[in-house]
Amino acid sequence: MRFTFKGAAAMLALTTALALPASAELTGDLRIFFNDQNPAPRAAIEGAVERFQALHPGLNIDLTLIDREANKTQIRNYLTANAPDVNGWYAGNRMRPYVSAGLFEDVSDLWEGPMGEELASTLPALTLDGKQWGVPYSYYQWGIYYREDIYAELGLTPAATWEEEKANCQVILDSGRKCYAIGSRHPWTTGGWFDYLNLRTHGYDFHMELTAGEVAWTDERVRETFAKWRELLDMGAFIDNPTAYDWQEALPFVVNGEATAYLMGNFVVAPLKEAGLTDDNLGFYPFPEITPGIPRAEDAPTDTLHIPAQAQNKEAARAFLLYVASAENQALMNEILGQLPINSTAEVGDDKFIQAGFEMLSTAPGGIAQFFDRDTDAEMASVGMEGFQEFMMFPDNLDEILNRLDAVRQRVAAR
Amino acid sequence: MAQISEPIQTTRDSRGWWARNQMRAAPWLFLAPGIVFFAVYVVLPIFQSFHISFYRWDGLGEATPVGLDNYRQLLDDRAFYVSLRNNLTWLLLYLLAIPAGLMIALFLNQQIRGMRLYKSLFFFPFVISQVVVGLVFVWFYNPAIGLWNPLIGLFGFAPMNILGNPQTVTYGIIAAGLWPQIAYCMILYLTGLNAVDPEQVEAARLDGAKGLKMLWYVILPQLRPATFIAVVVTVIGALRSFDMVSVMTRGGPFGSSRVLAYYMFEVSLSEYGFRMGYGAAIAVVLFLIMLVYIAFFLWRMWREEREA
């Protein structure tokens, strides 16, 4: 077996060598810091490294897996001292501190090739100051995951408009259930609701201006967004005491049928299925239209790989990023991740939710947002989501909340 | 003089510097590792914090000097005042651990079969990690699965969302923090009670003292060293109450359970933080508050030593 595997690797190497005669043989060390230790992401990156190793047998690849949360603070240490050649991070404004400090390598050269066309959908998310700073390998959709069986029992179909959504919700409430589960103990979950209400009420461009700090939080249009949110709050659409739960602790409400839907990222499917739901009783639909005629935009947080400015083996790192971006690799990695490939020529997994997400994102005419805490400045994100959390509990505090948010916006803009 | 001192000096010289100064140098040599670490990891960072608090710095790029801007910003930062008020609440309520610990210690200070077991059971919460205590209380308070709501339901109270409600959250966390702190004070008093002079108790009893009078005029004065340590430890524990807040609520909902130590961490080191200058300014304020207490207690200790 081992022999045949080696032979296959050699064959693979040979064919690539034929396909890419210009690329010189890569040697030396390639150190990769990947920011996830969970089983699926781990298998995905290990697979990618294994295949890349087979293409470049002369390369000595060292893969280090870092816990996702720990990486958020460790990145500051390893980018400034003893940098790896490739590291994992996120697209959008989250790259800003490292780009400004000159710690990420400018990889615009990679995007000028055919790769740029294949990854075009995320080009804006990887661009800061007119240059590209990394390569995406995966993203996932956000949307409403709902109990198909309960909808069928109540004779409902997923809503396409805001009025239908509220009418559905009223029926659900009348049946003694809640419409939406949410756990806001860690307030980022409220960012999803704000993103979608704002994207649907005023569209992508306004949302991007707001998250970039160019529009005041006290603007009348922002109040309109919150007014839509308030309509749901006044109906009692959300589960009671959301601040008592984190997002996982709110899952049982959906599993037990006490709440019929959950606005979440696609990562919610795995734990829901583990808890006993199946493709037959769990469904997905895009967040409904609010203001008619606004091009539909979606949240799709993008996971990325970058080259630290202090990397030792940038040649090999660039080759690895190119390989990660390739259609073949993105299909294989995302098959394992249960997420969507960014490369437009890559094959998409045949999972029900992956297909739905692919359909939704590839036909989104409005644009792709990253997520509230990746599109805004970090300080703004934390104060903002805290404000959303407060609004859900005390909607009457809206004026005070918006004034507070705008004070932070002005301070952030001033520096 | 010279004639007398000369021979003595030669004998001294023959013993060498080490032999002559051994007695004086030895304590410093033993203290040296501690002093070095204390200086490098405690004293120096204090001055660094003062320094950083005058800059705007994200921990990566260039630091920009901003003078007193960070402190000015603190003055109209709602979150700062919420944290400060919570710190005061912590301070006041945390002191309850001292009378509670004393009561349990008095209760346990008896010769009964199996007393050691009861003592260890009462001491148990101090042995387990603060993180575990926090998690246990999070589940206890959980409105969906926790025991708290059924418990108060027995007495006819409506269900509460303790950790999700800005009015109650800080009290909920303090209650969790008190559990191990009471055990700590109890141990301090139990050891103190061992040192109470039985002859004085005997004499007081002959004079007819009993009950509260005995406690107040005879026992408590002898427990003064234990009380002193208990107060110091509890006050400092309340001021640096970080772990409970971090584990139980991360300062939420919307920052209403933050304390200064947690706010400092959030601003400078958490996922959305990295405002090092602002965090350092909070650290300086926290340090100054602690300094007031520490100075007060040091002064009292010094005064008592002098009177004694």
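Rules behind the numbers
- Residues numbered from 1 in each chain as written.
- Chains lettered and ligands numbered in written order.
- Predicted model: local features only at pLDDT ≥ 70, side-chain atom pairs only at ≥ 80, totals over all residues.
- Heavy atoms only, no water.
- Helix = DSSP H or I, 4+ residues; strand = E, 2+ residues; numbered from the N terminus.
- Rg over C-alpha atoms; globule rule 2.2 N^0.38 Å.
- Contact = heavy atoms within 4.5 Å.
- Lys, Arg positive; Asp, Glu negative; His and termini not counted.
- Charge placed at Lys NZ, Arg CZ, Asp CG, Glu CD.
- Salt bridge = Lys/Arg side-chain N within 4 Å of Asp/Glu carboxyl O.
- Buried < 20%, exposed > 50% of the residue type's maximum accessible area, 1.4 Å probe, protein only.
- Pairing = 2+ DSSP bridges.
- Axes fitted to C-alpha atoms, helices over the stretch in contact; angles between N-to-C directions.
- Parallel < 35°, antiparallel > 145°, perpendicular 65-115°, else oblique.
- Left-handed = near helix turned anticlockwise from the far one by under 90°.
- Patch = residues over 30% accessible without salt bridge, like charges linked within 9 Å, V, L, I, M, F, W, Y side chains within 5 Å.
- Areas by Shrake-Rupley, 256 points an atom, 1.4 Å probe, with all protein chains shown as cover.
- Disulfide = S-S within 2.5 Å.
- Buried area = accessible area lost by both parts, 1.4 Å probe.
- Polar contact = N/O pair within 3.5 Å; in protein donor to acceptor, adjacent residues only side chain to side chain.
- Nonpolar A, V, L, I, M, F, W, Y, C, P; charged D, E, K, R; others polar.
- Domains from an automatic or database assignment.
- pLDDT = per-residue confidence, 0-100.
- Core = buried A, V, L, I, M, F, W, Y, C linked by side-chain atoms within 4.5 Å.

**Focus on the overall build of chain A**
Each helix and strand counted, chain A has 19 helices and 13 strands in total. The C-alpha atoms of chain A give a radius of gyration of 22 Å, which matches the 22 Å a tight globule of 415 residues would have. Long-range contacts, defined as pairs at least 24 residues apart, comprise 75% of the intrachain contacts of chain A with a sequence gap of at least 6. A gap of 4 Å separates the mean positions of the 31 positive and 60 negative side-chain charges of chain A.

**What about the pattern of salt bridges?**
Summed over all chains, the structure comprises 41 salt bridges over all chains. Arg296(A) is paired through a salt bridge with Glu298(A); the nearest N and O atoms lie 2.7 Å apart. A salt bridge links Glu386(A) to Arg258(B); the nearest nitrogen and oxygen atoms lie 2.5 Å apart. Here Arg258(B) lies in the loop between helix H12 (243–248) and helix H13 (260–269) and Glu386(A) lies in helix H18 (residues 378–393), a pairing that spans two chains. Across the pair, exposure class does not vary: Glu386(A) and Arg258(B) are buried alike. What you see here is one network of salt bridges that share partners, running through Glu69(A), Lys72(A), Arg94(A), Asp373(A) and Glu271(B).

**Brief notes about the sheet that holds strand S3 (residues 86–90) of chain A**
All names here are of chain A. Strands sit in the order S2-S1-S3-S12-S6 across an open sheet of five strands; the sheet is mixed. Looking at the sheet topology across the chains shown, the edges are occupied by strand S2 (59–65) and strand S6 (135–139). Put simply, the sheet's adjacent strands are angled 25° from each other on average, direction ignored. In this structure, strand S1 (residues 28–34) lies alongside S3, joined through two bridges in parallel fashion. Residue pairing in the sheet places Phe33 in a bridge with Asn87 of S3.

**A closer look at the packing of helix H11 (residues 220–235) of chain A against H18(A)**
The angle between the axes and the distance between the axes are what describe a pair of packed helices. Residue and element names in this part refer to chain A. Running from N to C, H11 and H18 point in directions that differ by 40°, and their axes come no closer than 10 Å. The angle between H11 and H18 places the two elements in the oblique class. Remark: the crossing between H11 and H18 carries right-handed chirality. Packed against H11, whose contacting residues are Phe226, Trp229, Arg230 and Leu233, the element H18 presents Phe388, Phe391 and Met392 at the interface.

**Focus: a nonpolar patch on the surface**
Residue and element names in this part refer to chain B. A cluster of nonpolar residues, Val36, Phe37, Phe38, Val40, Tyr41, Val42, Val43 and Phe47, forms a patch on the protein surface that exposes about 800 Å² of accessible area. Relative to the assigned elements, Val42 resides in helix H1 (residues 2–52). Here Val42 falls in the partly exposed class, since its relative accessible area comes to 34%.

**Brief notes about the state of the cysteines**
As used here, a disulfide is simply a covalent bond connecting the sulfur atoms of two cysteines. Residues and elements named next belong to chain A. Under the counting rule described, the total for this entry stands at one disulfide over all chains. A sulfur-sulfur separation of 2.0 Å characterises the disulfide bridge that pairs Cys169 with Cys179. Looking along the S-S bond of the Cys169-Cys179 disulfide, the torsion reads about 95°, which is the right-handed sense. Here Cys169, found in helix H9 (residues 162–174), pairs with Cys179, found in strand S8 (residues 178–181); they are 10 residues apart in sequence, far enough to count as distant. A residue is classified by how much of its surface remains accessible, and Cys169, at 1% relative accessible area, is buried.

**A closer look at the sheet that holds strand S7 (residues 142–147) of chain A**
Residue and element names in this part refer to chain A. In space, the four strands of this open sheet follow the order S8-S9-S7-S10, with mixed pairing throughout. The open sheet has two edge strands, S8 and strand S10 (282–285), and neither has a second partner. On average, each strand axis in the sheet is tilted by 30° relative to the strand beside it, whichever way the strands run. Bridging between S7 and strand S9 (residues 259–265) involves five bridges; their strand directions are antiparallel. What sits directly across from Gly143, in S9, is Met264.

**Details of the interface of chain B and chain A**
Each side of the interface is counted separately: chain B has 29 residues, and chain A has 33 residues. For the pair chain B and chain A, the two sides together bury roughly 2500 Å², of which 56% comes from carbon and sulfur. Contact with chain A buries area across many residues of chain B, yet Leu60(B), Phe254(B) and Tyr272(B) alone supply 32% of it, more than any other trio. Counting every contact that joins chain B to chain A gives six salt bridges. One salt bridge in this structure joins Glu379(A) and Arg275(B), with 3.1 Å as the shortest N-O distance. Where chain B meets chain A, there are 12 residue pairs in polar contact (both at pLDDT 80 or more). Among the elements of the structure, H12 and H13 of chain B are those that each provide at least two residues to the side of chain B that touches chain A. For the side of chain B that touches chain A, the class distribution of residues is 12 nonpolar, nine polar and eight charged.

**Regarding the domain arrangement of chain A**
Residues and elements named next belong to chain A. Domain assignment breaks chain A into domain 1 (2–140 + 301–362) and domain 2 (142–299 + 377–414). Taking only C-alpha atoms, the centre of domain 1 and the centre of domain 2 are 31 Å apart. The interface of domain 1 with domain 2 comprises 11 residues on the first partner and 17 residues on the second. Regarding the contact of domain 1 and domain 2, the summed buried area is about 1200 Å², with carbon and sulfur atoms giving 62% of it. On the domain 1 side of the contact with domain 2, Tyr140, Phe353 and Met360 bury the most area, a combined 58% of that side's loss. Here domain 1 is connected to domain 2 by two salt bridges. Of the charged contacts, one joins Lys352 and Glu148 as a salt bridge, the two residues approaching to 3.5 Å between their closest N and O atoms. Across the domain 1-domain 2 interface, the total number found is five residue pairs in polar contact (both at pLDDT 80 or more). When grouped by side-chain class, the residues that make up the side of domain 1 that touches domain 2 number seven nonpolar, two polar and two charged.

**With respect to the confidence of the model for chain A**
Across chain A, the average pLDDT comes to 89, with 94% of residues at or above 70. Of the regions scoring below 50 in pLDDT, residues 1–22 of chain A engages in five contacts with residues more than four places distant in sequence or in other chains.

**Thoughts on the nonpolar core**
Generally speaking, a soluble globular protein has its nonpolar side chains buried in company with each other. Residues Leu30(A), Trp193(A), Trp217(A), Trp229(A), Phe238(A) and Phe320(A) are the most contacted members of the largest nonpolar core, which totals 129 residues. Formed jointly, this core draws a minimum of three residues from each of two domains, domain 1 (2–140 + 301–362) and domain 2 (142–299 + 377–414) of chain A. Contact partners of Phe238(A), with chain neighbours within four places excluded, come to Lys178(A), Tyr180(A), Ile182(A), Trp193(A), Trp229(A), Leu232(A), Leu233(A) and Met392(A). In this structure, Trp90(B), Leu102(B), Ile174(B) and Cys185(B) belong to the second largest nonpolar core, which totals 48 residues.

**Regarding the side chain of Asn86(B)**
Residue and element names in this part refer to chain B. Among the structural elements, Asn86 can be located in helix H3 (residues 78–94). Judged by relative accessible area, Asn86 falls into the buried class, the value being 3%. Here Ser256 takes part through its backbone oxygen, which lies 2.8 Å from a polar atom of the side chain of Asn86. The contacts of Asn86, once residues within four sequence positions are left out, are Thr170, Ser256, Ser257, Arg258 and Val259.

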